[in-house]
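# A structural walkthrough
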Amino acid sequence: MEPAVLADNLIHRVNVGDSLTRTARRRPDNVAVVDGDRSWTYAELDAWVNRVAHALARDGYTRGDAFALASGNSAEFLAVYYACAKLGVVCVPMNLGWREKEIGYVLDHSEAKGLAVEAQLAAAMAPAVRGTAAVRDVVVLPGLGGEDADFGDATVRTLDALLDHADDGPVEVYVEDRDALTFLYTSGTTSFPKGVVGNHTAIYLESMMMCLEAQFVDDDVFVAMMPMFHTAQINCHCTSAVIVGATIRVERAFDPGRLLATIEEHRVTQIFGLPMMYRAMLDHPAMEQADVSSLRRALYAMAPMPEALVKRCVERFDCGFYLLFGQTEMSPTTTLFRPEHQLSHNGAAGTPVVNVEVAIMDDEGRLLPQGEQGHIVYRGPQTMTAYLKNPEATAEAFAHGWFHSGDVGVFDADGLLWFKDRSKDVIKTGGENVASIEVEKAVYAASPDVAEVVVVGLPHEHWTEAITAFVVPVAGASIDEAALIAEVKGIIDPYKAPKAVVLVDALPKTSTGKIQKNVVRDEHALHYGGDDA
């Protein structure tokens, strides 16, 4: 490549990796990441990321190659993510709830040439790696430690070995603004997830949007406890924290008592979790004496909070509460349910964010006025590039010149969006998206005594939506609900299995014989005790 072309690219481009470089120059001594008893300033984090990028480049990784990442929340996750960004390599975060079949599918579909995997996850990932021809080498991250695993013909090294003699200087390679940054795989209406191609411009602008909308600043202290392999944690919060120079405190999992202690001890200003996590903190014995006065804002996702819970949260935490609404394809935030609306418009999805135009469309592609219900559609630079290797799904999603969310909603007279239903019947449970049709297939496969089954998500204080199967037994057959659930867990990922099986005599249907899932949801909305149970 001509030096002038590269120089022009380095001057003008939009690259998520560059945001770390710029913050390291601007705020070199700010604490960037704290992971247990380890910490890095922005200058130290940038140098570490550069070493990872140079090491991968030395091994032949170049712009457009895919590199998979199987890791819990850790500083190493962030180092690999940003190294890929600087190098123009596409990072493919792996959902840690996947089984061998899904892991293998994603490795093959993404054509990942390598895999970084934490030591404790190596044994779970190894069978899928042995079953794919794409992965040529494996980098074992320290993680929580674990036994050696058999990765077949792939070259296996530790992270320390990879970084041996690697340069920590600037990474200056050609990367275009709309080059892929990530392939994020999200559950849909089919058995295998779809690969969402996220590009540098989309995620850079989404990260800056969050800084603007939620007023993040360089003395913020973030807790990263939601999975980093999800777009909401990595692209709403971690990348935004890096842009402003805030501190990210890494937590591998949510524990209410530990989080309350962390907020108090380290003067945390920003937390992000699920509604059930806030309820768990409020109900924890330590809450009564906990000092949470450092909190400036608390964000939550997946679903609105019940009004009673919102009132308790606002009163006890005494900070701004925000609901993030959106999806992976939008990088992900499209609307924010803002602090001023939490009590006055409880249940709404919020108002559009900077960068995203939100509209309601009918089946023929006509935009609908305020007050009319229809498909929620989006436009804006945060939109995904495409579904990987799936032009049909991409064309369907981009019909009529808008991105179609698959959700149904309406705008009220105050300009707030209200989510009404999801047209694809994807259940949002415990921070995961689960396709109801996949669960239905597993229930049928689990027992020959199932005549009919419909799977829906019902309101639940812990799971947000609990996966629930309504089963019509074969005439004369007897079904043991617990045994059926156990069988389903042997067929699909356990987190996708129903939380309950309800035996019924018949299911509501349309005149054409289609099961009316909306009727099932409405009739059994209080199955788990209602919003305030």
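The structure presented is a predicted model; accordingly, all values stated were derived computationally and were not measured.

Attention shifts here to the overall build of the protein chain. From N to C terminus, the protein chain includes 16 helices and 26 strands. The C-alpha atoms of the protein chain give 23 Å as radius of gyration, which agrees with the globular expectation for 533 residues (24 Å, within 12%). Projected onto its principal axes, the C-alpha positions of the protein chain cover 70 × 55 × 50 Å. A sequence separation of at least 24 residues applies to 68% of the contacts in the protein chain between residues at least 6 apart.

Quick look at the packing of aromatic side chains now. Going through the model one piece at a time under the given rule, you end up with ten aromatic pairs. Ring centres of W40 and W48 lie 4.9 Å apart, and the angle between their planes is 10 degrees; this geometry places the pair in the stacked category. Judged on exposure class, the residue W40 and its partner W48 are both buried. Ring geometry for Y81 against Y82: centres 5.6 Å apart, planes inclined by 75 degrees, an arrangement best described as edge-to-face.

On to the sheet that holds strand β26 (residues 500-503). Spatially, β24-β25-β26 is the arrangement adopted by the three strands of the open sheet, whose pairing is mixed. Only two strands of the sheet have a single partner each, and these edge strands are β24 (450-460) and β26. Within this sheet the neighbouring strands show an average axis-to-axis angle of 30 degrees, counted without direction. Bridge count between β24 and strand β25 (residues 464-473): ten bridges; the pairing is antiparallel. Opposite E452, over in β25, you have V472 as the bridge partner.

In this structure, W48, F67, I271, Y278, F317 and F321 are the most contacted members of the largest nonpolar core, which totals 116 residues. The greatest single-element share of this core, amounting to eleven residues, is contributed by helix α4 (residues 75-87). Residues contacting F321, with those up to four places away along its chain left out, are Y278, A298, Y300, M305, C313, V314, F337, R338, P339 and Q342. Residues V90, A180, Y185 and L388 belong to the second largest nonpolar core, which totals 30 residues.

For the coordinates displayed, the defined rule picks out 31 salt bridges. Note that R38 and D35 form a salt bridge whose closest N and O atoms lie 2.9 Å from each other. On the basis of relative accessible area, D35 is assigned to the buried category, the value being 12%. Between D59 and R157 there is a salt bridge, with the nearest N and O atoms lying 2.5 Å from each other. Taken together, the residues D59 in the loop between α3 (42-58) and β3 (66-70) and R157 in strand β7 (residues 155-158) connect sequence positions 98 residues apart. Put simply, R99, E102, E438, D493 and K496 are held in one network by salt bridges that share partners.

Turning our eyes to something else, we now look at the domain arrangement of the protein chain. Taken domain by domain, the protein chain holds domain 1 (3-202), domain 2 (254-422) and domain 3 (426-524). Opposite the 16 residues of domain 1 that make contact, domain 2 presents 14 residues. K389 is the partner of E111 in a salt bridge, and the nearest nitrogen-oxygen pair spans 2.7 Å. Put simply, domain 1 and domain 2 have eight residue pairs in polar contact (both at pLDDT 80 or more) between them. Of all the elements in the fold, those that place two or more residues in the side of domain 1 that touches domain 2 are α5 (100-110), β8 (180-186), β9 (194-199) and α8 (200-214). Here the element with the most residues in the side of domain 1 that touches domain 2 is β9; it accounts for five residues.

Residues Q270 and F272 line one face of strand β12 (residues 270-273) and the alternating positions I271 and G273 line the opposite face, and both faces are buried. With respect to chirality, the unit in which β12 leads through helix α11 (residues 275-283) into the neighbouring parallel strand β13 (residues 297-301) is right-handed.

This brings us to the side chain of H237. Note on placement: H237 falls in helix α9 (residues 231-244). Among all residues touching H237, those that are not within four sequence positions of it are F216, F222, A232, Q270, F272, L299 and L324.

What follows is about the environment of M225. Relative to the helices and strands, M225 is located in the loop between β10 (221-224) and α9. Once the C-alpha coordinates of M225 and E102 are considered, the two residues, 123 residues apart in sequence, prove to be 24 Å apart. Contacts of M225, omitting those with residues within four sequence positions, involve N73, Q233, E251, A253, F254, L259, F272, G273 and M277.

All right, on to unusual backbone geometry then. Following S331, the chain continues into P332 via a peptide bond in cis, with omega recorded as -5 degrees. Within the element layout of this structure, P332 appears in the loop between β14 (320-326) and β15 (333-337). Notably, E111 is not glycine yet its phi reads approximately 55 degrees, a positive angle. As for its placement among the helices and strands, E111 is situated in the loop between α5 and β5 (112-118). Here E111 falls in the partly exposed class, since its relative accessible area comes to 47%. Positive phi, normally seen in glycine, also occurs at S331, with a value near 75 degrees. With respect to the helices and strands, the residue S331 is situated in the loop between β14 and β15.

We now examine the environment of A442. Tracing the backbone through its elements, the reader meets A442 in helix α14 (residues 436-446). The class of A442 is buried, set by a relative accessible area of 1%. For the pair formed by A442 and V488, sequence separation is 46 residues and the distance between their alpha carbons is 5.8 Å. Not counting residues up to four positions away in its chain, the partners in contact with A442 are V488, I491 and I492.

Let's shift gears to the environment of A469. By the element assignment, A469 lies in strand β25. Of the residues examined, A469 reaches a relative accessible area of 0% and is grouped as buried. Between the C-alpha atoms of A469 and I485, which are 16 residues apart in sequence, the distance is 9.4 Å. Other than its neighbours up to four places away in sequence, A469 contacts V453, V454, V455, P498, A500, V501 and V502.

With that settled, consider the packing of α8 against α9. Packed helix pairs are specified by the crossing angle of their axes together with the interaxial distance, meaning the distance between the axes. One can describe the packing of α8 onto α9 by two numbers: an axis separation of 8 Å at closest approach and a directional angle of 80 degrees. Relative to α9, α8 is oriented roughly perpendicular. Along its contact with α8, which presents I203, Y204, E206, S207, M208, M210 and C211, the element α9 presents N235, C236, T239, S240, I243 and V244.

How each quantity is defined
Residues numbered from 1 in each chain as written. Predicted model: local features only at pLDDT ≥ 70, side-chain atom pairs only at ≥ 80, totals over all residues. Heavy atoms only, no water. Helix = DSSP H or I, 4+ residues; strand = E, 2+ residues; numbered from the N terminus. Rg over C-alpha atoms; globule rule 2.2 N^0.38 Å. Contact = heavy atoms within 4.5 Å. Phe/Tyr/Trp six-rings, centres within 6.5 Å; stacked < 30°, edge-to-face > 60°. Buried < 20%, exposed > 50% of the residue type's maximum accessible area, 1.4 Å probe, protein only. Pairing = 2+ DSSP bridges. Axes fitted to C-alpha atoms, helices over the stretch in contact; angles between N-to-C directions. Core = buried A, V, L, I, M, F, W, Y, C linked by side-chain atoms within 4.5 Å. Salt bridge = Lys/Arg side-chain N within 4 Å of Asp/Glu carboxyl O. Domains from an automatic or database assignment. Polar contact = N/O pair within 3.5 Å; in protein donor to acceptor, adjacent residues only side chain to side chain. Right-handed = clockwise from strand over helix to strand, strands pointing away. Parallel < 35°, antiparallel > 145°, perpendicular 65-115°, else oblique.

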